[in-house]
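Spelled out, the chains give:
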Amino acid sequence: MNRWQKEARFTLIVMAVALALSLVTVGVLRFVFGFEWRSAMAGFGFISLMALSRVDPSMFRIKSKKPPLDERDLLIKRKAMIAAYWGFWPIFVLMAMAPFFVYGPDGKVPVIYLCSMVFAGMFVVMTLYSIAILQEYGRGGKDGGQ
Amino acid sequence: MAASEIKNHVRRLRFENGRMTQQQLADKAGVTRQTIIAVEAGKYCPSLALAFRIANALGVRIENVFQYQGEQG
């Protein structure tokens, strides 16, 4: 397993932990402590743990003089970025258009909705990117001739 | 181009070349060992430049390493 696979696996683990912790906290606040939904949503603060996935890239730094990236690695990274891009846009556009149908053309969008758009976008990009990296390395990266 | 259309003899040539290891070939060709493994397994079709570097590292001509298996005109 190379540096990029380790990084992708670490990202997926951090994302899963952040999401699970957030959902559990919201559930506990709502159903165990009886908070209102609005207050219980504070549990989503744990989603910010996603930032941990970018905290320490030195964990994966290769110390030898081997080439850190070759043409296959670059091809796989490019494919992963394209996968993340195609996953991000439909969701981002849907989330941007949804308030029009929910609140109407003259409605007001809660500030938290805008924040959640950013987090959802980031979540989708990082998740799809990491999955695509692991999948491409898993099946050998296919052809370099595109 | 699908990787399966290109047949390669990297593994055989490595052994004929003093049992060169995948790592040694990777170092000579300037790629990672994973890439050599993928090329040998036919899962990755290298760029023309890398194909030449692999052939040079093995001390043979490129056509002795890689052969096109698709339809011949």
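Caption draft 1: Looking closely at helix H3 (residues 71-103) of chain A. Given a rise of 1.5 Å per residue, 33 residues ought to cover 48 Å, and the 49 Å separating the end C-alpha atoms of H3 of chain A matches this to within 8%. By the largest-angle criterion, Met97 of chain A marks the main kink of H3 of chain A, which is about 25°, and a proline, Pro99 of chain A, follows within four residues. All buried positions along H3 of chain A are accounted for by Arg72, Asp73, Ile76, Ala80 and Ala84 of chain A. Turning to H3 of chain A, the residues buried within the fold contact helix H1 (3-32) and helix H4 (111-138) of chain A together with helix H3 (33-40) of chain B.

Caption draft 2: Summary view of the confidence of the model for chain A. All names here are of chain A. Summing up the model confidence of chain A, the mean pLDDT is 84 and the portion of residues at 70 or higher is 86%. Looking across chain A, the model is least confident in helix H2 (residues 37-40), with a mean pLDDT of 85, and most confident in H3, with 93. The model gives residues 141-146 a pLDDT under 50, and that stretch makes 23 contacts with residues more than four places away or in other chains.

Caption draft 3: Geometry of the environment of Tyr113 of chain A. All names here are of chain A. Secondary-structure assignment places Tyr113 in helix H4. According to the C-beta neighbour criterion, Tyr113 is partly exposed, with 13 such atoms within 10 Å. C-alpha of Tyr113 to C-alpha of Pro99: the two residues are 14 residues apart in sequence and 9.1 Å apart in space.

Caption draft 4: Local environment of unusual backbone geometry. With phi around 50°, Arg19 of chain B is a residue other than glycine that occupies positive phi space. Note that Arg19 of chain B resides in the loop between helix H1 (10-16) and helix H2 (22-29).

Caption draft 5: A look at the packing of H2 of chain B against helix H4 (residues 48-58) of chain B. Residues and elements named next belong to chain B. Between H2 and H4, the shortest axis-to-axis distance is 9 Å and the interhelical angle comes to 120°. Here H4 runs oblique to H2, going by the angle between their axes. Considering only the axes of H2 and H4, their crossing is right-handed. Residue-level inspection shows Leu25, Lys28 and Ala29 of H2 in contact with H4, the latter providing Leu50, Arg53, Ile54 and Ala57. Partitioning the contact of H2 with H4 into residue classes produces five nonpolar, no polar and two charged.

Caption draft 6: The nonpolar core, seen in detail. One finds Ala29, Ile54 and Val65 of chain B to be the most contacted residues of the largest nonpolar core, which totals 18 residues. Sorting the residues of this core by element identifies H2, H3 and H4 of chain B as the ones contributing at least two each. No other element matches H4 of chain B, which puts five residues into this core. Beyond its immediate chain neighbours, meaning those up to four positions away, Ile54 of chain B contacts Val10, Ala29, Pro46 and Val65 of chain B. Met15, Ile47, Met50 and Tyr137 of chain A belong to the second largest nonpolar core, which has 15 residues in total.

Caption draft 7: Inspection of the packing of H1 of chain A against H4 of chain A at higher detail. Residues and elements named next belong to chain A. Interaxial distance between H1 and H4 falls to 9 Å at its minimum, and their mutual angle equals 140°. Accordingly, the angle class assigned to the pair H1 and H4 is oblique. Regarding H1 and H4, the two cross each other, and that crossing is left-handed. Each of Trp4, Gln5, Ala8, Arg9, Thr11, Leu12 and Met15 in H1 lies in contact with H4, whose residues at this interface are Phe123, Met126, Thr127, Ser130, Ile133, Leu134 and Tyr137. When its residues are assigned to classes, the contact of H1 with H4 shows nine nonpolar, four polar and one charged.

Caption draft 8: Region of the structure containing the environment of Leu25 of chain B. Its place among the elements puts Leu25 of chain B in helix H2. Spatially, the C-alpha atom of Leu25 of chain B lies 15 Å from that of Arg61 of chain B, the residues being 36 residues apart in sequence.

What counts and what doesn't
- Residues numbered from 1 in each chain as written.
- Chains lettered and ligands numbered in written order.
- Predicted model: local features only at pLDDT ≥ 70, side-chain atom pairs only at ≥ 80, totals over all residues.
- Helix = DSSP H or I, 4+ residues; strand = E, 2+ residues; numbered from the N terminus.
- Expected span 1.5 Å × (residues − 1).
- Bend = angle between axes of the 7 residues up to and from the residue.
- Buried ≥ 20, exposed ≤ 12 C-beta atoms within 10 Å, placed from the backbone.
- Contact = placed C-beta atoms within 7 Å.
- pLDDT = per-residue confidence, 0-100.
- Axes fitted to C-alpha atoms, helices over the stretch in contact; angles between N-to-C directions.
- Parallel < 35°, antiparallel > 145°, perpendicular 65-115°, else oblique.
- Left-handed = near helix turned anticlockwise from the far one by under 90°.
- Nonpolar A, V, L, I, M, F, W, Y, C, P; charged D, E, K, R; others polar.
- Core = buried A, V, L, I, M, F, W, Y, C linked by C-beta atoms within 7 Å.

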